[in-house]
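Fold and geometry: a report
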Amino acid sequence: MDQYNGSQIVVLEGLEAVRKRPGMYIGSTGQRGLHHLIWEILDNGIDEHLAGFCSEITIVMQKDGGITIADNGRGVPVDLHPAKKIPTVRVVYTILHAGGKFGGSVYKVSGGLHGVGASVVNALSEKMLVEVKRNGEVYRDEYANGGHPVTALENGLLPVVGKCRKSDTGTRVTFYPDPLIFETVEFKADTIKKKLKEIAFLNKNLKIVFMDETAGTTDVYQEEFGIKSFVKYINRDTDVLHDEVIYVEGASGDIEVELAFQYTSSYSEQINAYCNRINVVDGGTLVTGFKMGLTRVMNQYARELGILKDKAENFDGRDIRNGIVAIISIKHPDPQFEGQTKTKLGNTDAKSAVDDVFSTQIQRYFDKNVDVLKKILENSMKSYNARKASDKARTAVLKQLNDVDTRSKLASCSSKKPEECEVYIVEGDSAGGTVKTARNRKTQAVLPLRGKILNVEKATLEKILINNEIKSMIASFGCGIGDEFDLSKLKYDKIIILTDADVDGAHISTLLLTFFYRFMPELIHEGKIYRGLPPLYKVEYETFSEDGKKGKGKKKKSEYLFNDFELEKFKKRPGNKILHVQRYKGLGEMDAEQLWETTLNPDTRVLAQVTVSDTVEADDITTTLMSSNVPPRRAFIMDEAKYANLDI
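Residues numbered from 1 in each chain as written. Predicted model: local features only at pLDDT ≥ 70, side-chain atom pairs only at ≥ 80, totals over all residues. Heavy atoms only, no water.

1. Observations regarding the environment of Lys375
Note the following rule: Starting at the N terminus, helices and strands are each numbered in turn, a helix being any DSSP run of H or I of at least four residues and a strand any DSSP run of E of at least two. Accessible area is worked out with a 1.4 Å probe on protein chains only. A residue is then buried under 20% of its type maximum, exposed over 50%, and partly exposed in between.
With respect to the helices and strands, the residue Lys375 is situated in helix H10 (residues 370–400). The class of Lys375 is partly exposed, set by a relative accessible area of 41%. Through-space distance from the C-alpha of Lys375 to that of Leu241 is 7.0 Å; in sequence the pair is 134 residues apart.

2. Overview of the sheet that holds strand S24 (residues 607–609)
Where we set the bar: The pairing criterion is simple: DSSP has to find at least two bridges between the two strands. The axes used here are C-alpha line fits, helices contributing only the stretch in contact, and every angle between their N-to-C directions lies in the interval 0 to 180 degrees. In this analysis, two residues are considered to be in contact whenever any of their non-hydrogen atoms come within 4.5 Å of each other.
Overall, mixed pairing links the five strands, which are arranged S18-S17-S19-S20-S24 in an open sheet. Whereas interior strands pair on both sides, the edge strands pair on one side only; in this sheet they are strand S18 (444–449) and S24. Strand-to-strand twist of the sheet, defined as the mean angle between neighbouring strand axes without regard to direction, takes the value 30°. By the bridge criterion, five bridges tie strand S17 (residues 422–427) to strand S19 (residues 494–498) in an arrangement that is parallel. Within S19, the residue paired with Tyr424 across the bridge is Ile496. Across the sheet, helix H13 (residues 468–477) touches S17, S18 and S19, and the angle it forms with S18 is around 165°. Strands in contact with helix H14 (residues 503–519) are S17, S18, S19 and strand S20 (529–532); relative to S19, the strand with the most contacts, it is inclined by about 150°.

3. Observations regarding the pattern of salt bridges
What counts, and what does not: Salt bridges are defined by distance alone: a side-chain nitrogen of Lys or Arg within 4 Å of a carboxyl oxygen of Asp or Glu.
Using the criterion set out here, one finds 20 salt bridges in the structure. Between Lys133 and Asp168 there is a salt bridge; the shortest N-O distance is 3.3 Å. A residue pair is termed long-range when its members are at least 10 positions apart, and Lys133 in strand S5 (residues 125–134) and Asp168 in the loop between strand S8 (160–163) and strand S9 (170–177) qualify at 35 residues. Looking at Lys133, the relative accessible area reads 29%, which means it is partly exposed. Close ionic contact of Glu469 with Lys409 constitutes a salt bridge, the shortest N to O distance being 3.0 Å. Here Lys409 lies in the loop between H10 and S17 and Glu469 lies in helix H13, a separation of 60 residues in the sequence. Across the pair, exposure class does not vary: Glu469 and Lys409 are buried alike.

4. Some points on the nonpolar core
Applicable threshold: Throughout this description, the term nonpolar core refers to a set of buried Ala, Val, Leu, Ile, Met, Phe, Trp, Tyr and Cys residues connected via side-chain atoms within 4.5 Å.
Counting 47 residues, the largest nonpolar core has Leu42, Ile59, Tyr93, Phe175 and Leu196 as the members making the most contacts within it. Among the elements that take part in this core, helix H2 (residues 31–50) stands out by supplying eight residues, more than any other. Residues in contact with Leu42, not counting those within four places in the same chain, are Ile57, Ile59, Ile69, Leu196 and Ile199. With 43 residues, the next largest nonpolar core counts Cys275, Leu286, Phe358 and Ile376 among its residues.

5. Some words on unusual backbone geometry
One can expect most non-glycine residues to show negative phi and most peptide bonds to be in trans. Unusually for a residue other than glycine, Asn145 sits at a positive phi of about 55°. Relative to the helices and strands, Asn145 is located in the loop between strand S6 (137–144) and strand S7 (148–149). Residue Asn276 is not a glycine yet carries a positive backbone phi of 50°. Position of Asn276 among the secondary structure elements: in the loop between strand S14 (270–275) and strand S15 (278–279).

6. Let's talk about empty space enclosed by the protein
So the rule is basically this: Buriedness for pockets is judged along seven lines, at least five of which must meet protein on both sides within 12 Å for an open set on the 1 Å grid over protein atoms alone, while cavities are sets there where a 1.4 Å probe fits but cannot get out, and lining residues have an atom within 4 Å of a point. Grid points are joined across faces, edges and corners, and a volume is the space filled by probe spheres set on the points. Under the grouping applied here, Gly and all other residues not named as nonpolar or charged are polar, the nonpolar ones being Ala, Val, Leu, Ile, Met, Phe, Trp, Tyr, Cys and Pro and the charged ones Asp, Glu, Lys and Arg. What fixes the domain bounds is an automatic or database domain assignment.
Across all of its chains, the model carries two cavities of 30 Å³ or more by this definition. Considered as a void within the structure, the largest cavity measures approximately 50 Å³ in volume. Considering the residues around the largest cavity, the lining is formed by Thr499, Asp500, Ala501, Pro534, Pro535, Tyr584, Lys585, Gly586, Leu587 and Met590. Of the residues contributing to the lining of the largest cavity, the split by class is six nonpolar, two polar and two charged. If you count residues domain by domain, the lining of the largest cavity takes at least three from each of domain 3 (418–532 + 609–640) and domain 4 (537–605). When its volume is computed, the second largest cavity comes out at roughly 30 Å³. Looking at which element gives the most residues to the lining of the second largest cavity, the answer is strand S16 (residues 324–331), with three residues. Of the residues contributing to the lining of the second largest cavity, the split by class is three nonpolar, three polar and two charged.

7. A closer look at H14
The periodicity of an α-helix, 3.6 residues per turn, causes residues three or four positions apart to be oriented the same way. To keep it simple, the criterion reads: A helix is expected to reach a length of 1.5 Å times the quantity of its residues less one.
Counted at 1.5 Å a residue, the expected span for H14 with its 17 residues is 24 Å, and the 24 Å between its end C-alpha atoms agrees. Within H14 the residues assigned to the buried category are Gly505, Ile508, Ser509, Leu511, Leu512, Thr514, Phe515, Phe516 and Tyr517.

8. Describing the sheet that holds S14
Strand order across the open sheet formed by five strands is S12-S13-S16-S14-S15, with mixed pairing between neighbours. A single partner strand is all that each edge strand has here, and the edge strands are strand S12 (246–252) and S15. Where strand S13 (residues 255–263) meets S16, eight bridges bridge the pair, whose relative direction is antiparallel. Bridging across to S16, Glu256 finds its partner in Lys331.

9. Examining helix H9 (residues 348–368)
An ideal rise of 1.5 Å per residue puts 30 Å on 21 residues; H9 measures up with 31 Å between its terminal C-alpha atoms. Within H9, the full set of buried residues consists of Ala350, Ala353, Val354, Asp355, Val357, Phe358, Ser359, Ile362, Tyr365 and Phe366.

10. A few points about the packing of aromatic side chains
Ring pairs (aromatic) are described by centroid distance and by the angle formed between their planes. Which entries qualify depends on this criterion: Any pair of Phe, Tyr and Trp rings, taking the six-membered ring for Trp, is counted once the centres come within 6.5 Å. Such a pair is stacked with planes under 30 degrees apart, edge-to-face with planes over 60 apart, and tilted for the rest. Either the NZ atom of lysine or the CZ atom of arginine qualifies as a charge over a ring when it sits within 6 Å of the ring centre and within 35 degrees of the ring normal.
Enumeration according to the criterion identifies 15 aromatic pairs in this entry. Centre to centre, the rings of Phe230 and Tyr274 are 6.3 Å apart; their planes meet at 40°, and the pair counts as tilted. Taken together, the residues Phe230 in helix H6 (residues 227–234) and Tyr274 in strand S14 connect sequence positions 44 residues apart. Residue classification places Phe230 among the buried residues on the basis of a relative accessible area of 2%. For Tyr274, a relative accessible area of 0% puts it in the buried group. Where Tyr301 meets Phe366, the ring centres are 5.8 Å apart and the plane angle is 85°; that geometry is what we call edge-to-face. You can see Tyr301 sitting in helix H7 (residues 285–304) and its partner Phe366 sitting in helix H9, a full 65 residues away along the chain. Across this residue pair, the class does not change: Tyr301 and Phe366 are buried. Feature note: the residues Phe201, Phe230, Tyr233 and Tyr274 constitute an aromatic cluster, connected by ring pairs. The ring of Phe53 carries the charged tip of Arg74 above its face, separated from the ring centre by 4.0 Å. Lying over the aromatic face of Trp39, Lys195 brings its terminal NZ or CZ to 5.8 Å of the ring centre.

Here it is, written out as structure tokens:
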């Protein structure tokens, strides 16, 4: 590998106004976005581990609200950058799209491909300190108020602040999130621990130390068996068909492949895919390769063992994957992700690599473990027989959807162009009536639901399909469900869940999202599902002229605010005198004009797009909260209750 120095840090663009649009870079300014700052800095140390230079990373949650992340990698270069003529470490932490991940000479494989992480964290922090150990010396750079350097350079370079052994190398970053940017700057130790555990599973033998100074605790994460232990962890509360987690690994060309899987008594499949440790939630070519190899190999064994009597008969892929929990992890030198969000892998060579490695290695495993093979094939046969028996019933139920009368419920829009149409799912006829009055009849449809829909986590597909509210949704959307699902037939570009901001509204939203996640996941993965966010407050106030004097400059105004954080920020805004604060508890408290202005008008409304950033966590939480297994749900509620913000 080439020498790692300033000449290999490629600069694509200068730092943009990250502080103005933080959501574009970290997703949100809430808890999720706040913790994303940690993952961005952590990525740099993990990339050093993947390159073979880092064995340990330490994360400290400090009492003063700061986060320190230190690795024992090579240390960010501190020499003069050839293009920018400033220390290379300052280039990395102050210029967007600057890093060693573009040219391919520093990192053979890398998770963070865009080079925006370090500079974005700096831009969204009120203070950041960077210490680098290289060549037996310690260098320090400091930034304030969104990434502005405050350390004076000496002959154009960072000052040396200490000495160390030449073998002692690495980077230490300490940052303090800006409270003017984030709704909260209070980190949650449980959130950090859960993520670190997953990172340890995906990075075999990497030692991760987490120190919580507030609680006075230290946790160490290090997984000798990697994703094999990951599968075991996912299935910790599940009945499994075989005790041992099946694990295979190998390489095909420059692509390294790891697979681990175990069968459970569940009727669903869970395949979690990672490329360069990025969770590609929509799968892509690496998942296709695994499914192809699994289907072909298992059908071959089924015929050899006489389980499939007819040579022309084959198990369907669904039969073979019924009950499987799998982790696919590959390292690719040039991954091509579909979309900026990196949710799907597009490399065709990844499909053939996974198929090749899996097909070769799994046959060696099954030849030595015939008892495990037979259990899986017996499970496939049960699934096969059950599917054939229920196909007729399912087909009959699905045909009934054509006869569902949605006219009494659905207020359709006049446009027939899906790309400009959207449908609002609202709770009850009362709210539905208001939304129908306020909407744009050309492009906005309204579907009121009567009561709460069925909890699909506890029901069979047949029972789900005869539920009137679910039938109305499926018929209204037009894209079918299950194997008959066809996204191209979807009648709306946006499906918007609009409920009251109370406990019942939250429950209805959760039931709807569970249905979409389990039976129409493509709608979520393709970005079609949204939550409408009606304002929580309307503030009436007086504003004064710039000189602060009353008189002609005084004007009465009103403004809508969406949460308590915005209200507190508004109260601190100079030049305003609050006259009245109205709090909305439900959509019914707004008239049609207010509802249009705040919630329906595309130019002024606020929508939250529903996405899945971590398939393991999404599946784990959905199962915990919505299944019939009470103890895990009780434990989750007890752990998370202290963070709840309920309006009862």
